[in-house]
Amino acid sequence: MAAAGPSVFLLMVNGQVESAQFPEYDDLYCKYCFVYGQDWAPTAGLEEGISQITSKSQDVRQALVWNFPIDVTFKSTNPYGWPQIVLSVYGPDVFGNDVVRGYGAVHLPFSPGRHKRTIPMFVPESTSKLQKFTSWFMGRRPEYTDPKVVAQGEGREGENAEAERLKAAQLMLPFSSQ
Amino acid sequence: MVSENPHLGNQPEPLQEDSDTRPLSMTTRRGPRSLPPIPSASRTGFAEFSMRERMREKLQAARSKAESTLLQEIPTPRPRRLQSPGEKELETEFGAEPGEEAQKTQQEDDSQSRSRVKFRDSVRKIKTKPPVPPGFPSAEEAYNFFTFNFDPEPEESEEKPKAKNRDGTTQEEEEGEEEEPPVQGIHKTDEQLLISATEAEAFLWGLDHAAADFVAVRPADYESAHVRLQMEKELLFVPSRLTVPTYKKLPENVQPRYLEDEGLYIGTRPDVPRTCQNIMENRLLTQEPGRRWFGDDGRIVALPNPIKPFPSRPPVLTQEQDFRAELETLYKKAVKYVHRSQHMIGSGDSPGNFQLDIDISGLIFTHHPCFSREHVLAAKLAQLYDQYLARHQRNKAKFLTDKLQALRNAVQTGLNPEKTHKSLDTTQKTINEYKSEIRQTRKLRDAEQEKDRMLLKTIIKVWKEMKSLREFQRFTNTPLKLVLRKEKVDQKADEEAYEAEIQAEISELLEEHMEEHEQKMEAYRAAYQQWKAWKKAQRAKKKKKKQAVEEHPEEEMGEPYPEEDPVKPVPPEPTDRALMEHQVRERAARSRRRPGEPLLVPELSLAGSVTPNEQCPRVEVLRREDVKRRSIYLKVIFNDKEVSRTDSRPLGADFRVHFGQIFNLQIFNWPESLTLQVYETVGHSGTTLLAEVFLPIPETTIVTGRAPIEEVEFSSNQHVTLDHEGVGSGMPFSFEADGSNQLILMTSGKVSNSVAWAIGENGIPLIPPLSQQNIGFRSTTPSSSVHVVANGRIPPFLCALKRADAISSIGTSGLTDLKKLAKWAAESKLDPNDPNNAPLMQLISVATSGESYVPDFFRLEQLQQEFNFVSDEELNRSKRFRLLCLRSQEVPEFRNYKQIPAYDREIMEKVFQDYEKWLRDRNVIETKDHIDPHRAMVAKYLQQVRESVINRFLIAKHHFLLSDLIVEEEVPNISSEGSGILGLSLFKLAEQKRPLRPRRKGRKKVTAQNLSDGDIKVLVNIIRAYDIPVRKPTASKFQQPSRSSRTFSEKHAASPTTHSPTHSADYPLGQVLVRPFVEVSFQRTICHTTTAEGPNPSWNEELELPFRAPNGDYSTSSLQSVKDDVFINIFDEVLYDVLEDDRERGSGIHTRIERHWLGCVKIPFSTIYFQAKIDGTFKIDIPPVLLGYSKERSMIIERGFDSVRSLSEGSYITLFITMEPQLVPGESVREKMSDVLKKFDSQEDEKLLQATEKFQAECALKFPHRQCLTTVTDISGKTVFITRYLKPLNPPQELLEGCPNNPQATAELVARYVSLIPFLPDAVSFAGICDLWSTSDQFLDLLAGDEEEHAVLLCNYFLSLGKKAWLVMGSAIPEGPTAYVLTREQSHYLIWNPCSGHFYGQFDTFCPLKSVGCLIGPDNIWFNIQRHDSPLRINFDVTKPKLWKSFFSRSLLYPGLSSVQPEELIYQRTDKAAAAELQDRIEKILKEKIMDWRPRHLTRWNRYCTSALRHFLPLLERSRGEDVEDDHRGELLKQLGDYRFSGFPLHMPYSELKPLIEAVYSTGVHNIDVPNVEFALAVYIHPYPKNVLSVWIYVASLIRNR
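Conventions we followed
Note that residues are indexed from 1 along each chain, following the sequence as it is written. Chain letters start at A and ligand numbers start at 1, both assigned in the order the entries are written. The predicted nature of this model means local features are confined to residues of pLDDT at least 70 and side-chain atom pairs, given and counted, to a pLDDT of 80 or more, with totals for whole chains, interfaces and linings taken over all residues. Neither water nor hydrogens contribute to the side-chain values; these are computed over all heavy atoms in the structure. Working definition: helices are DSSP H or I runs of at least four residues, strands are E runs of at least two. Numbering for both runs from the N terminus. Burial classes: relative accessible area under 20% of the type maximum marks a residue as buried, over 50% as exposed, and values in between as partly exposed (1.4 Å probe, protein chains only). For this analysis, residues touch if any pair of their heavy atoms sits within 4.5 Å. Accessible surface is estimated by sampling points in the Shrake-Rupley manner with a 1.4 Å probe; for residues, cover comes only from the protein chains shown. Put simply, buried Ala, Val, Leu, Ile, Met, Phe, Trp, Tyr and Cys residues joined by side-chain atoms within 4.5 Å make one nonpolar core. Note on aromatic contacts: the rings of Phe and Tyr and the six-membered ring of Trp form a pair at centre separations within 6.5 Å, being stacked when their planes are under 30 degrees apart, edge-to-face when over 60 apart, and tilted otherwise. For a ring to carry a charge above it, either NZ of a lysine or CZ of an arginine must fall within 6 Å of the ring centroid while also lying within 35 degrees of the normal to the ring plane. In this analysis, axes come from line fits to C-alpha atoms, helices being fitted only over the stretch in contact, and the angle between any two N-to-C directions falls in the range 0 to 180 degrees. Throughout, the term roughly parallel applies to angles under 35 degrees, roughly antiparallel to angles over 145, roughly perpendicular to angles from 65 to 115, and oblique to all others. Put simply, a crossing is left-handed when the front helix is turned counterclockwise from the back one by less than a right angle, and right-handed when it is turned clockwise. Gly counts as polar in this scheme, as do all residues outside two lists: the nonpolar Ala, Val, Leu, Ile, Met, Phe, Trp, Tyr, Cys and Pro, and the charged Asp, Glu, Lys and Arg. For two strands to pair, DSSP has to find at least two bridges joining them. Candidate patch residues must exceed 30% relative accessible area and have no salt bridge, after which like charges are joined if within 9 Å and Val, Leu, Ile, Met, Phe, Trp or Tyr side chains if within 5 Å. One speaks of a salt bridge when a side-chain nitrogen belonging to Lys or Arg is within 4 Å of a carboxyl oxygen belonging to Asp or Glu. Counted as positive: Lys and Arg. Counted as negative: Asp and Glu. His and the chain ends are not counted at all. A single reference atom marks each charge: NZ on Lys, CZ on Arg, CG on Asp, CD on Glu. Expected span of a helix: the number of residues minus one, times 1.5 Å. Arc definition: directions from the helix axis to the C-beta atoms. Count a disulfide wherever a pair of cysteine sulfur atoms falls within 2.5 Å. For every residue, the predictor reports its confidence as pLDDT, a number between 0 and 100.

**Q** Looking at this model, I keep getting lost on the overall build of chain B. Mind explaining?
**A** Each helix and strand counted, chain B has 50 helices and 40 strands in total. By residue count, 44% of the 1602 residues in chain B fall in the buried class. Here the contacts in chain B between residues at least 6 apart in sequence split such that 74% fall between residues at least 24 apart. Summing over all exposed atoms, chain B offers an accessible surface of approximately 89,300 Å²; the carbon and sulfur share of this is 54%.

Right, dumping it as structure tokens:
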């Protein structure tokens, strides 16, 4: 414990966004970022990342494999506000517009070791059928002002979301304290 | 080789020795290894051979050492001769020969070879083991024989015979042969080679050699399965699968015990296959002889099966599962919700028919309104008689008497110690106990006897009363008759017994008293002793005193006696026997039958006759008739529902009703309540509910046929008065003639009934299952296990119960009460080991261990206590918890507290100190920070208003709109202009994705919610400046300015005035006039541009300043309340040559850079935030006096822009300011608020409000971007029509007197006064929630407001000055939407900026007002419907309806709205002394600050200069900062001629200290680090009425010229 600051513990995460299953879509890429509480601060590694575009595998699984590495270290004094990884997946629609295909968030694992997480992804739905059509037609689907809101509870009451597919992110997390 | 020769002689001997053993070995071994006796030995040359032999020998020596059996291995040459495939392989290594010698020498190393040999030996040992099949040697020979032929060498044939007889020959022969002179050199060498090759290999690969050796010689190795099995048998152990006989597993001569058979409970064993068990048993038996693994029954000891019957976790979904399956919605048929309370039978239970039999046999009234007096007495008598009978049956008195007798006997026997064998102590103790018990019993007996007697007496008394009543009324109503039967007693015996009893009692009492007396005497004696001692002491004292008194008689009186005088104890009186006897007798007489008195036995009979009606008086007849009219019936209410009713039966004369009905209630639900309602019908009139009788629900054991008839009492509180003999109910009546001794009786009675469960056809009682009935059971055990007999399924534990007959002992209902059950189990001493009882015992153990304790109250979070890891007090004491709480409550101090420490000890106490201080002081007005008490109060008030407003909208802040979270295309709307027609937007689709000429797209706006430090930047683009003041050359320092006096008309005349460019000639051509640069400071971050040259510089630079929100809170409300300003300072960079020696000028440059502040532009952050961008040319706020600089412009400029420029004074800078990313200003909050605001009521006329809405809608339709304001919110939140704010109001008299005959000067003075009131935007004070307008008096009281308040006040002043004035709502730079004041002079319009006090002509290009939305006068509103909205291009003539749309017109006449403004403004004169004090304090604080800012330098103050400045400042105030510069400069120069002086006065309204400090700081005066610099600072405060203060600060730095 340093005299200067309060004693902290470290949370080291490394892992990868492995693959996704979006059976209807192809050529997707993925962004990740972290949402954490006030007591948390990243100390090393990248807090945000954007992956390459991947194509569907040709086999039956039709998996979209990124194997996109994540490596970040947080320090904190308080487990409250445990970091969540927020993933958002984008890809082109029929007209070639880049639209969002899914948002999802999951807490980082609490225990050290190798964890595999499957995150259900969803996208917000248009508020009306007409808007749904126009947004589809214009290629401007409703999306969150910030992907980070999916990790927050505030203000989510009125929103419709269409639950979409699954996606696997594998996280390994050596965990160390102090 | 040669070297080895000498050894040769020695070789044979050891060989000899070896050879002796050889035949042995040959016979024993005979493995395939030792194949043929090969003649090759003969072939080998001697030397080589011997050498080889030597090696072999050595090996053999080692071998012999190890094991004699292995020695036979020696047959060195032979194997080599063999042309086995292995050998052939080796032959290929002929080439290795040259290395052989070296190898051999190496071989000398014994240890090496030995170790190798050893290994080989061990290998061999294993290999030799297998037995040789018989007849093998012959085969061997045959093999040999054939192989010889294959040898290509001719020499071999020679050796053949040798080989042939080899077996027969002795070893000596062989040796001899071998020692033959080597003839066949080559062959020998061949052989040698062969050997050496193998040898070499062996040496090289120590291990491989051995292996190769063996492998080489052996044919395929075969071991028959049988042999292998044999072998394995020795090594391995295979436990048998057969069952082990029990006797093996038990110690000798022990019979197996089966605990289960003995009735002990043993758990279920885990399921293990029999074979596995057998194997294990066998293994255990062989492994360890100990039998500890086997239990008494001969089986392996095992714990009960640990496997739970049900999995405790839900099954985990496998990853591979199809995701569709997980997302799929399953349809489930709607299940009717079954209310699982005890009213219903669970869905799982069979819905049986349960039956409750209610037998109502009759009803007896113990009181009824129709009772006559006699009836009352009769009822009483009957009651008493019943009581008597009951007592008689019990006969308690007799029992107690007997007990007493027995006790007495016991005492008697106990007193004779010889009769008992007990020790004295115990007897004494028991006797004492007996005695006390005797006392007790006696008392009880006496009481009982007395009661008996009393009862008897009462019965007799009542009977007598009744008799007298009957006599009195001369008729009888009741057949009741009491007969007292006398039982004769033997008087003598009775008397004796009586006497004996009394005597015994007396003696006992005496004894008691004696004891008591003893004790008392004891106490007395002790007390007496004490008293005596005291008395003695007292006497002695007195004596002394007496003597003393004699000596000093006068003192006698003064001597007080000791206060406490112990009373002389009185000895207790001895008991008087006679007295006691008297007492005892008296008591006996009272409570006991006198001796000889006959025993009285009352008998009540109904033998009496009732007087017939005709003999009765009329009232009685009436009563009887009334009784006859009455009939009674009962309703049976089950679970609050009427299920049946009895027949209506007439009330008999004896007030008994017989029903005799049995109701069979077929029930479905568990009975909650069972009630009988007694109804009475009088004649044909309606029925009345007399009373309700609550019947107990029978226990489950009570079934029909066994149920006893019970009498349940009831009573009603009805009040009935009757007009006949009936006494009524609830009415006082009396038996006495005088009406005394009144009685009040209520209707009451008894219902005799029996309630029982019916028995079904097969003898099963029809009782609903217990599960419905018991909550406790349900919570502890699965309810399925508690289904009862009725269901046919009998749970195991109930079977157990049956066997143990628990039901019969505690009743079936006892099963429901676990406590009772446990108690019963404890009492009946159930065998806990009995397997039959196992489930029951388990149940009981669960029940009695607190786990399933069923509380009789409901608690919401019943496990809360368990989860409370710490007590509440301790939790509250925790600093960390407190910090977390405060943060989550969003207390401003902690709202964005980062990294709350993990431990309490790491939290500093001072974290809370500020907060606690704030909590304490929130209502205390702090004058320290504000210096001026009035402003402190105002600040406090504002703070409080703000707090309350903020608290009200904290919720709103947390409420997000959908648009805050989701970006979505707007709904395509045909009418709306924004998103366009649907078709139009579709048309847009056809546009190119990337047009060749892209149009600028609006920046994306960011909602300030996910931002953090460093995300937001303020971009300041500094483009150019005009008319920067230029340095005045020192040469012209005594020059008088040309424009010493300008008139007002000069300023505003449209025609250009001539500024005589007299000074332009003074500037030497080519000399740099000024080198300005711009420094932007924001939140103490400073950026500056490069230095440009000349008075009209062009920088065109972008500066980027990071923005930090207060406390890191980037929420909208927080951003709105940022009060920081962006300071844009213009400096002049001055280079001074400090080179002292001119000779060095050639070699070096030594300059000092100084910067002189020229002026600044201040833009509040809130303006940038709300405007998103600020673009325009601003007037630089240049101090009125800039020493060393002059505001002259060169001819060229004047020529170029004369017509427009000449009007405007001062310097200008063109700026573009914005924020990156663009933040959405808090509009959303306002929108949310509009709902709330609408709730604030308005006092305006409804029609007017509708008109305003209509007007606004119309205006918005035409010009959506023009500001149109009709109603505003006042400070209390009410909507007010805007014109009500405008009303002529008197300005301070002081200002009017200033220049009485110059209206324009007065106007300017007034404008200046208004501008001196500090500016505080509403957005800051109310965090952007709403725009509140305060009236002018409120504004003056608060001394803070934004543009509207300033403008309203100024407009009102102008109106009172008699000008035509309007409020202009429009937008200006940098303020954005704002309010200005328009006045009409004789021929032209003037636009006043109320916040700065400046005014502009209508056609002034530098007028900050850029667009005009509407004009507001005191009686109308005009909306600008002209094409343009720039003041330059519009016509202000409001009378033209084509240009101005007026609110009140002919269609809607002005209703004459009263003003919200006060009648008159009252101005207090500001306390001059206070102002002076404030002035001193500010000066002191500023000086301290400047010294603080220069931590590394000495700050000297030039007092002389300071005083000079101080004198100058009032002058400046008087002239309002104009036209004094040159005089002042001259004066200063006169006084401080040898100083280089740079400085300037700052002027601003006073609100708080902080802006002053900021302003001084931003000028950068303190940045001079010339060593001998001196400073001067003077502050002057000019007080205006109403505490408006004008502050002047003169800061200067002086450098002494050398």
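Structure's up, so let's keep going.
**Q** What is the right way to read the overall build of chain A from this model?
**A** A count of helices and strands for chain A gives one helix and 11 strands. Expressed as a percentage of the 178 residues in chain A, the buried residues total 49%. Sequence-distant contacts, at least 24 apart, represent 74% of the contacts inside chain A between residues at least 6 apart. Approximately 8,100 Å² of chain A is accessible, and the part contributed by carbon and sulfur atoms is 54%.

**Q** In this structure, what is going on with the nonpolar core? I would like to understand it.
**A** Nonpolar side chains in soluble globular proteins tend to end up buried together. Residue and element names in this part refer to chain B. Of all hydrophobic cores here, the largest spans 74 residues; its most connected members are Val-1018, Phe-1107, Ile-1128 and Ile-1213. In terms of residue count, the dominant contributor to this core is helix H47 (residues 1472–1493) (six residues). Non-local contacts of Ile-1128, meaning those with residues more than four positions away in its chain, are made with Val-1078, Glu-1079, Val-1080, Gly-1159, Cys-1160, Val-1161, Ile-1163, Ile-1213, Leu-1215 and Ile-1217. Core analysis: the second largest hydrophobic core is formed by 53 residues, Val-1352, Leu-1367, Phe-1399 and Phe-1448 among them.

**Q** Help me out: how do you make sense of the packing of aromatic side chains in this one?
**A** Given two aromatic rings, one states the distance between the centres and the angle between the planes to describe the pair. The final tally for this structure, using the stated rule, is 42 aromatic pairs over all chains. Ring centres of Phe133(A) and Trp136(A) lie 6.2 Å apart, and the angle between their planes is 35°; this geometry places the pair in the tilted category. Placement of both Phe133(A) and Trp136(A) in helix H1 (residues 129–138) is noted, with a separation of three residues, approximately one turn of the helix. One residue, Arg905(B), lies across the ring of Tyr903(B), its end atom 4.4 Å from the ring centre. Its end group placed over the ring of Phe1131(B), Arg1155(B) keeps NZ or CZ at 4.5 Å from the ring centre.

**Q** Sorry if this is basic, but what is going on with the packing of H47(B) against helix H50 (residues 1553–1563) of chain B here?
**A** Two quantities define a packed helix pair, namely the angle between the axes and the distance from one axis to the other. Residues and elements named next belong to chain B. Two numbers describe how H47 lies on H50: the axes approach to 11 Å, and their chain directions differ by 45°. Between H47 and H50, the angle falls in the class oblique. When you trace H47 past H50, the crossing you get is right-handed. Contacts between H47 and H50 pair Ile-1482, Ile-1485, Leu-1486, Lys-1489, Ile-1490 and Trp-1493 from the former with Leu-1553, Leu-1556, Ile-1557, Val-1560 and Tyr-1561 from the latter. For the contact of H47 with H50, the class distribution of residues is 10 nonpolar, no polar and one charged.

**Q** Would you mind going over the sheet that holds strand S37 (residues 1500–1501) of chain B with me for this structure?
**A** Whether parallel or antiparallel, the strands of a sheet pair through hydrogen bonds between backbone atoms. All names here are of chain B. The sheet built from four strands is open, its strands ordered S37-S39-S40-S38 with mixed pairing. Each end of this open sheet is capped by a strand with a single partner; those strands are S37 and strand S38 (1539–1549). As paired strands, strand S39 (residues 1573–1584) and strand S40 (residues 1588–1600) are joined by 12 bridges and run antiparallel to one another. Looking at S40, one finds that His-1582 is bridged to Ser-1590.

**Q** Help me out: how do you make sense of the sheet that holds strand S20 (residues 1098–1106) of chain B in this one?
**A** All names here are of chain B. The sheet built from four strands is open, its strands ordered S20-S16-S25-S23 with antiparallel pairing. For this open sheet the edge positions go to S20 and strand S23 (1173–1179), each flanked by a neighbour on one side alone. Across this sheet, the average inter-strand angle for adjacent strands is 15°, counted without regard to direction. Here nine bridges tie strand S16 (residues 1017–1026) to strand S25 (residues 1212–1220), and the two strands are oriented antiparallel to one another. Along S25, the bridge assignment pairs Ile-1022 with Leu-1215.

**Q** Even after reading the chapter, I still don't get a positive patch on the surface, so can you show me in this structure?
**A** Residues and elements named next belong to chain B. Taken together, the side chains of Lys-532, Lys-535, Lys-536, Arg-539, Lys-542 and Lys-543 present a region of like positive charge at the surface. Residue position: Lys-543 is located in helix H20 (residues 491–551). Judged by relative accessible area, Lys-543 falls into the exposed class, the value being 59%.

**Q** Help me understand helix H21 (residues 577–591) of chain B, please; the structure alone is not making it clear to me.
**A** Because each turn of an α-helix spans 3.6 residues, side chains separated by three or four positions end up pointing in the same direction. All names here are of chain B. Given a rise of 1.5 Å per residue, 15 residues ought to cover 21 Å, and the 21 Å separating the end C-alpha atoms of H21 matches this to within 8%. Listed as buried for H21 are Met-580, Val-584, Ala-588 and Ser-591. Along the axis of H21, the buried residues cluster in a sector spanning 80°; they form a single face.

**Q** So what exactly am I meant to see when it comes to unusual backbone geometry here?
**A** Trans peptide bonds make up the majority, and among non-glycine residues the majority have a negative phi. Phi is positive for Asp27(A), which is not a glycine, with a value near 55°. Along the chain, the position of Asp27(A) falls in the loop between strand S1 (9–21) and strand S2 (29–35). One non-glycine residue, Asn1100(B), lies in the positive phi region at around 55°. In this structure, Asn1100(B) sits in strand S20.

**Q** Would you take a moment to explain the pairing of S38(B) for this structure?
**A** Each regular strand carries side chains that alternate between the two faces of the sheet. Residue and element names in this part refer to chain B. The buried count for S38 comes to eight of 11 residues, which makes it a mostly enclosed element. Alignment of S38 against S40, held across 11 bridges, turns out to be antiparallel. Counterpart to Leu-1546 in the pairing with S40 is Ile-1593.

**Q** What is the right way to read the environment of Arg140(A) from this model?
**A** Residues and elements named next belong to chain A. Counting through the fold element by element, Arg-140 comes out in the loop between H1 and strand S9 (143–144). A relative accessible area of 44% places Arg-140 in the partly exposed class. Distance in space between the C-alpha atoms of Arg-140 and Asp-98 is 8.5 Å, their sequence separation being 42 residues.

**Q** Help me out: how do you make sense of the packing of helix H43 (residues 1303–1315) of chain B against helix H46 (residues 1347–1360) of chain B in this one?
**A** Residues and elements named next belong to chain B. Closest axis-to-axis distance for the H43/H46 pair is 10 Å, and the angle between their directions is 155°. Between H43 and H46, the angle falls in the class roughly antiparallel. Seen from above, H43 lies across H46 with right-handed handedness. Each of Ala-1307, Val-1310, Ala-1311, Tyr-1313 and Val-1314 in H43 lies in contact with H46, whose residues at this interface are His-1350, Leu-1353, Leu-1354, Tyr-1357 and Phe-1358. Of the residues assigned to the contact of H43 with H46, the class counts are nine nonpolar, one polar and no charged.

**Q** Please clarify how the state of the cysteines should be interpreted in this entry.
**A** Here a disulfide denotes one covalent bond, and it connects the sulfur atoms of two cysteines. Applying the stated criterion across every chain, the model contains zero disulfides over all chains. The thiol of Cys1414(B) is unpaired, and the distance to the nearest cysteine sulfur, on Cys1268(B), comes to 5.3 Å.

**Q** What's the story with the pattern of salt bridges in this structure? I'm lost.
**A** Side-chain pairing between opposite charges can occur once the charged atoms of the two side chains come close. Residues and elements named next belong to chain B. All told, the structure shown has 31 salt bridges over all chains when counted by the stated rule. Residues Lys-750 and Glu-711 are paired through a salt bridge, measuring 3.7 Å at the closest nitrogen-oxygen approach. One end of the pair, Lys-750, is in strand S13 (residues 748–757); the other, Glu-711, is in strand S10 (residues 710–715), with 39 residues separating them in the sequence. A salt bridge links Glu-1133 to Arg-1075; the shortest N-O distance between them is 3.1 Å. Separated by 58 residues along the polypeptide, Glu-1133 in strand S21 (residues 1125–1137) and Arg-1075 in the loop between helix H36 (1048–1052) and strand S18 (1076–1082) bring together distant segments of the chain. Glu-1133 gets classed as buried once you look at its relative accessible area, which sits at 14%. Under the relative-accessibility criterion, Arg-1075 is labelled buried at 19%. Here the residues in one salt-bridge network are Arg-439, Arg-442, Glu-508 and Glu-512, joined through shared partners.

**Q** Any chance you could explain the confidence of the model for chain B here in plain terms?
**A** All names here are of chain B. Residues at a pLDDT of 70 or more form 62% of chain B, whose mean pLDDT is 70. Note on residues 125–135: pLDDT under 50 across the span, and seven contacts to partners over four residues away in sequence or across chains. Residue range residues 340–351 is modelled with pLDDT below 50. Its contacts to residues more than four positions away, or to other chains, number 27 contacts. Interface confidence in the predicted complex, given as ipTM, is 0.80; pTM for the same model is 0.45.

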